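# Topology and contacts: notes
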Amino acid sequence: MMNAVLETGVAARQAIRSGEWVLPTAGLAPGSVQANLVILPQAQASDFARFCAHNPKPCPVLDVTAPGSPHPSADWAQDADLRTDLPRYHVWEQGQVAGELTDITGHWLDDSVAFLLGCSFTFEAALLSAGVPVRHLDCGCNVPMYRTNRPCQRAGLFQGPLVVSMRPIPGSLVDLAAQITARYPSAHGAPVHAGNPAELGIRNLDRPDYGDPVPLYADEVPVFWACGVTTQAVAQASRVPRMITHAPGHMFITDRRHTDLEVA
């Protein structure tokens, strides 16, 4: 499928819902806001909302559905269904992935609450417009993501490590990349670290915990942003009884534009 037919959130969601697109969503509907997904039973939604409030860098909340409703707010996406409109989902049971699906209609509960969280794919259009390269787009692969040694602040059941995404940035452009992404706090904002991955407890950039490795060239610096996959590391660390998430890199694409999230 040519990306030309996936220039809007509506077109991308239709292609995903029909099964025509099952790959990671970086670069789809360029400039559209993309979102991480977490679905929980209503009984655990309040604690998870507190977890997000305590950890806004990895978990910036964009939208929360009413219990039992699989539909996000219309101002985020018209005629969308969170059970079918992501290319791949992970079903978690007791902290382990019990299934990887392309449709979770059969796993939706009458009291399911869905959280849409900001995603760093959102600010990539702004980086590209400023001449900052985005390596995983160049390589046609998923962004590399890593568990770190930085713990998130606990809320109820929910605890675990911060996960970061990494983009190699030419040294001369690191400050510019930080300035641009800082304007998108609802998409994780400025980097949490640039430089030595060991300071985050990352031993080998060639072995990401999620996603795909990308080359790092001699004039480049590894730059790390907080990542919504943190919630999946939390599911594992907390042994959450039941949770559904997007598969890493397989996001929900909204109708909103990245400029809608830009702040001065």
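Residues numbered from 1 in each chain as written. Predicted model: local features only at pLDDT ≥ 70, side-chain atom pairs only at ≥ 80, totals over all residues. Heavy atoms only, no water.

### Topic: empty space enclosed by the protein
Gaps left between atoms are located by rolling a probe of water-molecule size over the structure's atoms. The following threshold applies: As defined here, a cavity is a set of points on a 1 Å grid over the protein atoms alone where a 1.4 Å probe fits but cannot get out. A pocket is an open set with protein on both sides within 12 Å along at least five of seven lines, and residues line them when an atom is within 4 Å of a point. Grid points are joined across faces, edges and corners, and a volume is the space filled by probe spheres set on the points. When residues are grouped by polarity, Ala, Val, Leu, Ile, Met, Phe, Trp, Tyr, Cys and Pro land in nonpolar, Asp, Glu, Lys and Arg in charged, and all others, Gly among them, in polar. Comment: elements are numbered from the N terminus, with helices defined as DSSP H or I runs of at least four residues and strands as E runs of at least two.
Scanning the entire structure with this criterion turns up two cavities of 30 Å³ or more. Quantified by volume, the largest cavity comes out at close to 60 Å³. In terms of lining, the largest cavity is formed by 14 residues, of which the most central are Cys119, Ser120, Phe121, Met145 and Cys227. Residues that form the lining of the largest cavity fall into these classes: seven nonpolar, six polar and one charged. One number sums up the size of the second largest cavity: a volume of about 40 Å³. Along the walls of the second largest cavity sit Ile39, Leu40, Pro41, His107, Leu109, Ser112, Arg242, Met243 and Ile244, which together make up its complete lining. Only strand E1 (32–41) and strand E10 (242–246) provide two or more residues apiece to the lining of the second largest cavity. Class assignment for the residues of the lining of the second largest cavity results in six nonpolar, two polar and one charged.

### Comments concerning the packing of aromatic side chains
Pairs of aromatic rings are described using the distance from one ring centre to the other and the angle between the two planes. Formally: Stacked, tilted and edge-to-face pairs are distinguished by plane angle, under 30 degrees for stacked and over 60 for edge-to-face with tilted covering the rest, among Phe, Tyr and Trp rings (Trp via its six-membered ring) whose centres lie within 6.5 Å. Any residue under 20% of the maximum accessible area for its type is buried, any over 50% is exposed, and the rest in between are partly exposed; the area is computed with a 1.4 Å probe on protein chains only.
Evaluated as defined, the whole model comprises six aromatic pairs. On the numbers, 5.4 Å between centres and 70° between planes, the contact of Phe48 with Phe158 is edge-to-face. Placement of the pair is Phe48 in helix H2 (residues 42–54) and Phe158 in the loop between strand E6 (145–151) and strand E7 (161–170), with a sequence separation of 110 residues. Looking at Phe158, the relative accessible area reads 0%, which means it is buried. Taking 6.4 Å as the distance between ring centres and 75° as the angle between the ring planes, the aromatic pair formed by Tyr146 and Phe224 counts as edge-to-face. Linking Tyr146 in strand E6 with Phe224 in strand E9 (residues 220–226), this pair joins segments that are 78 residues apart in sequence. The exposure classification of Tyr146 matches that of Phe224, with both residues buried.

### Looking at the pairing of E1
To keep things clear, this is the line we draw: Should DSSP find at least two bridges between two strands, the strands are regarded as paired.
Counting buried residues along E1, ten of its ten residues qualify, which places the element largely inside the surrounding structure. Residue alternation in E1 divides its side chains into two sets, Ser32, Gln34, Asn36, Val38 and Leu40 and Val33, Ala35, Leu37, Ile39 and Pro41, and both sets are buried. Here three bridges tie E1 to strand E11 (residues 252–257), and the two strands are oriented antiparallel to one another. Counterpart to Ser32 in the pairing with E11 is Arg257. Both E1 and E10 contribute to a ladder of two bridges, which runs antiparallel. Note on E10: the bridge partner recorded for Ile39 is Ile244.

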